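Residue-level listing of the chains:
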Amino acid sequence: MSTREILTLQFGHYSNHIGAHYWNIQELSFDYTGTQKNECNHDILYREGQNSKGEVTYTPRLLLSDLKGSLKSLPVSGGLPDDALQEEVKWKAVEKIEQSVEDKNEYLTDIDTKPINEVATKHYGLENSINTWTDYLYPRLHPRTINVVKEYQHGAEKECFDVFHTGQSIWKQEYGDAFSDKIRNYVEECDSMQGFQVNFDCTDGFAGLALGSIEHLADEYSKPILAYPIIASHYADNNPLTPEQREISNLKDTFRLVNLAFSVEQLSQIATFFVPLCTGEKGWRKPGNAIKFDFLNYNPELYYHTAAILASAMDTLNQKYRHKNNFYTLSDVCTDMTGFGRKMAAASLRLPLALKQSEYLIEFLDQNENALCTSITPSCKIASDKLFQLITVRGIEESCLKAPMRAGEKQMNLAAYKCSNVKEMFELYFQAHNLLSATNVTICNNPLQTKTPYPSIFSEKLNKYGFVSDENNLTKIESCPVIAGYHSGNFLSHTLEKLHREVSRIKFAKLHKFRAEGCEAEEFKECLERLSEFKDNYDDDFEL
């Protein structure tokens, strides 16, 4: 079986929060005992290496970017033993960047000295000690993974990295050359590469940096590029108290909106497929109210919480092209979701599935009256008809499907009782509830792993395995069933129209910082025109 490698790129502080959870979920799914059946081919996202002592290293095939001062206790070398740096020497000399190393919290101290099974079952109260994404990152990273934008300081109130064109400018300098070399190094190691995943903050300078890299990928490599432009769940200026703070907040909102517009417009030109993500309902201009999930209690102002939700969605969605028994590839996903020039899709999530511990799937689906999943794409209400959609369901055992014939008299009256497996039952459900739609369903037996350092955001009504019980549970949830999906259809015309309308209200003459960074009025005008043209791809009716 070929590896079908994927290289992941992460740009921006919030995207790295998501990335930390995403890679933690991968590590928690590793089987170190040899007793579990592993459905995922981890070599797709990970690479095997060797240090100078001949010891095997296994690290994410990853390049990430963040600002100076964001790493805290994590060294730029990625945290592997120093002698692992010898592996990088065969490619090029390693740049040594001096930084002050901060003390580690209890969790980070424990992962250096204790086995993962012991750490994963311990409660650390991380909500009170998280300052950055490195405070809960479990895996060690390859020496070439971390790339720091040294011109800007994380958390700085002045000289902020908040303009799309600033990121573009940095990409065109030495930073972009070094980053491109590292991309090439990773690609040359691969035997049968699928393509690239690019996750980036689309509301600040990292948007320009990410789009610079995506343009490079499109020019240099004939591989699919799946991009997730990501909007943070909350910004420090979202709740102004004085007129002066309100004025500053409005200006920052305007900057974020323009950065987002440039991101979507350029992705529509050069990415293969992209899916905007946010745990806020609105997204355009402000994140808006937090999306509600049944049996989930999270703090929308805490990146540690909201990033875990989006990471869970991403890990579930890409099971389709990482599953050992599924012949789907990243190219297949992009091809299926991007007909008629519709490169943008919406994503949905149901976390947790909220199946009762004594309930059968056939009963759960029959009694479900609302949409099965919640949109995690901003300003987007996913339609129920005329859809292309790829659905992934994980963590439901065949024993939960339906009652045996001797005890299933009521269930036998339902058409779904004829279904012989979970996949057939979900396919029948979507066939009945989504008219004029094409749905592809992938089933994964393994649930989402939610052990430490996954945040404690689940209701006490859920048992250890994520099923709803009749009494409160004091034990931390270790796993739970999840459903996630990609969706494309006419409904996205309204989403793009809202974005275009909001950006059209902005007067370019007031964008002094954009002008100072080289953005011209004509470029801004062309961005709006191409956004409108892209929206038109979703206006025409189509039949499946």
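Scroll up for the structure.
This report concerns the structure included in the present document. What you are looking at is a predicted structure, and each value in this text was computed from that prediction instead of being measured.

## Looking at the nonpolar core
Ile183, Phe200, Leu351 and Tyr486 are the most contacted members of the largest nonpolar core, which has 144 residues in total. Counting residues per element, this core draws most heavily on helix H9 (residues 303–317), which supplies nine residues. In contact with Tyr486, not counting residues within four places along its chain, are Leu226, Tyr228, Phe273, Val275, Leu317, Val333, Met337, Ala346, Phe388, Gln389 and Leu390. Core analysis: the second largest hydrophobic core is formed by 25 residues, Leu365, Ile396, Ile443 and Phe467 among them.

## Looking at the packing of aromatic side chains
Under the defined criterion, the tally for this structure stands at 23 aromatic pairs. Relative to Tyr46, the ring of Phe30 has its centre 5.2 Å away and its plane inclined at 70 degrees; by these criteria the two rings are edge-to-face. Taken together, the positions of Phe30 in the loop between helix H1 (13–28) and strand E2 (46–50) and Tyr46 in strand E2 put the pair 16 residues apart, joining distant regions of the chain. Neither residue differs from the other here; Phe30 and Tyr46 are each classed as buried. An angle of 20 degrees between the planes, with centres 5.1 Å apart, marks the rings of Tyr46 and Tyr58 as stacked.

## So, the environment of Asp112
Looking at where Asp112 falls in the secondary structure, it is placed in helix H3 (residues 106–113). Taking the C-alpha atoms as reference, Asp112 lies 32 Å from Tyr321; in sequence the two are 209 residues apart.

## What about helix H5 (residues 164–171)?
Taking burial as the measure, the eight residues of H5 include seven buried ones, the bulk of the element. Residues of H5 that are buried: Phe164, His165, Thr166, Gly167, Gln168, Ile170 and Trp171. Packing partners of the buried residues in H5 comprise strand E5 (146–153), helix H6 (174–189), helix H7 (205–220), helix H8 (243–270), helix H14 (512–516) and helix H15 (521–536).

## Notes on unusual backbone geometry
Here the bond from Leu351 into Pro352 is cis, since omega is -10 degrees, no more than 30 degrees from zero. Relative to the elements of secondary structure, Pro352 occurs in the loop between strand E9 (346–350) and helix H11 (361–367). A cis amide bond, omega 15 degrees, links Thr452 with the succeeding residue Pro453. One non-glycine residue, Glu159, adopts positive backbone phi at about 55 degrees. Looking at where Glu159 falls in the secondary structure, it is placed in the loop between E5 and H5. Residue class for Glu159 comes out exposed when judged on its relative accessible area of 66%.

## With respect to the packing of H8 against helix H13 (residues 492–504)
Contact pair H8 / H13: the axes reach a minimum separation of 10 Å and the direction vectors enclose 130 degrees. Relative to H13, the element H8 is oriented oblique. Once H8 is placed against H13, the crossing between them reads as left-handed. Contact with H8, carried on its side by Leu257, Leu260, Ala261 and Val264, involves Leu496, Leu499, Glu502 and Val503 of H13 and no other residues of that element. Residues belonging to the contact of H8 with H13 are distributed by class as follows: seven nonpolar, no polar and one charged.

## As for the sheet that holds strand E6 (residues 195–201)
Taken together, the six strands give an open sheet; going across it, the order is E5-E4-E1-E6-E7-E8, and neighbouring strands pair in parallel fashion. Where the open sheet ends on each side, the last strands, each with one partner, are E5 and strand E8 (273–274).

How each quantity is defined
Residues numbered from 1 in each chain as written. Predicted model: local features only at pLDDT ≥ 70, side-chain atom pairs only at ≥ 80, totals over all residues. Heavy atoms only, no water. Core = buried A, V, L, I, M, F, W, Y, C linked by side-chain atoms within 4.5 Å. Buried < 20%, exposed > 50% of the residue type's maximum accessible area, 1.4 Å probe, protein only. Helix = DSSP H or I, 4+ residues; strand = E, 2+ residues; numbered from the N terminus. Contact = heavy atoms within 4.5 Å. Phe/Tyr/Trp six-rings, centres within 6.5 Å; stacked < 30°, edge-to-face > 60°. Axes fitted to C-alpha atoms, helices over the stretch in contact; angles between N-to-C directions. Parallel < 35°, antiparallel > 145°, perpendicular 65-115°, else oblique. Left-handed = near helix turned anticlockwise from the far one by under 90°. Nonpolar A, V, L, I, M, F, W, Y, C, P; charged D, E, K, R; others polar. Pairing = 2+ DSSP bridges.

Purely spatial values, then, with no claim about function.
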